[in-house]
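Structural description and commentary
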Amino acid sequence: MATTTAAQRREQARVAYDAFLRDCPTNQLLDRISDKWVSLIVAALADGPMRYSDLGRKIAGVSPKMLTQTLRSLERDGLLTRTVTPSVPVRVDYELTPLGHSLSLLLTAVKDWAETRFEEVHAARERYDAQTRD
């Protein structure tokens, strides 16, 4: 029976895409798509294309820098497309790709869960805090 080194086992797992391993590409992808801004941008685009300024208004609290960085990373990952229409001023629209739409089903469900279950979570937090204060 041949023995394998830890590095060889990590490499084998990476090939098999084991997200529990830090160096696995799927772990890095999970890190990306679990970002709050990614979730909100993908959910916002689920109903159709939007302009940059519309996204900025819809997603409260996102800075222009963070919105731009997140949109670029989503475009790089193939989750959305960026369409520039030459005009004055230039019009830039963002739209989910089929891959992005498949992710939007999950992220929109998580957003909806958070919106409908927040009261339960808030009550649980209050109970926990009251018990740990005593």
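Not measured: the values here are computed from a predicted model.

Bringing the packing of helix α3 (residues 36-45) against helix α5 (residues 64-76) into the picture now. One can describe the packing of α3 onto α5 by two numbers: an axis separation of 10 Å at closest approach and a directional angle of 75°. Looking at the two axes, α3 sits roughly perpendicular to α5. For the pair formed by α3 and α5, the contact residues are W37, V38, I41 and V42 on the first element and M66, L67, T70, L71 and L74 on the second. Looking at the contact of α3 with α5 residue by residue, the class counts come to eight nonpolar, one polar and no charged.

According to the stated counting rule, one finds zero aromatic pairs in the structure shown. Sitting above the plane of the W37 ring, K36 keeps its charged end 4.3 Å from the centroid.

So, about the nonpolar core. One finds L45 and L55 to be the most contacted residues of the largest nonpolar core, which totals 21 residues. Ranked by residue count, the leading element in this core is α3, at six residues. Residues in contact with L55, not counting those within four places in the same chain, are A44, L45, M50, L67, L71 and Y94.

Conventions and cut-offs
Residues numbered from 1 in each chain as written. Predicted model: local features only at pLDDT ≥ 70, side-chain atom pairs only at ≥ 80, totals over all residues. Heavy atoms only, no water. Axes fitted to C-alpha atoms, helices over the stretch in contact; angles between N-to-C directions. Helix = DSSP H or I, 4+ residues; strand = E, 2+ residues; numbered from the N terminus. Parallel < 35°, antiparallel > 145°, perpendicular 65-115°, else oblique. Contact = heavy atoms within 4.5 Å. Nonpolar A, V, L, I, M, F, W, Y, C, P; charged D, E, K, R; others polar. Phe/Tyr/Trp six-rings, centres within 6.5 Å; stacked < 30°, edge-to-face > 60°. Lys NZ or Arg CZ within 6 Å of the ring centre and 35° of its normal. Core = buried A, V, L, I, M, F, W, Y, C linked by side-chain atoms within 4.5 Å. Buried < 20%, exposed > 50% of the residue type's maximum accessible area, 1.4 Å probe, protein only.

That is the geometry; function is a separate question.
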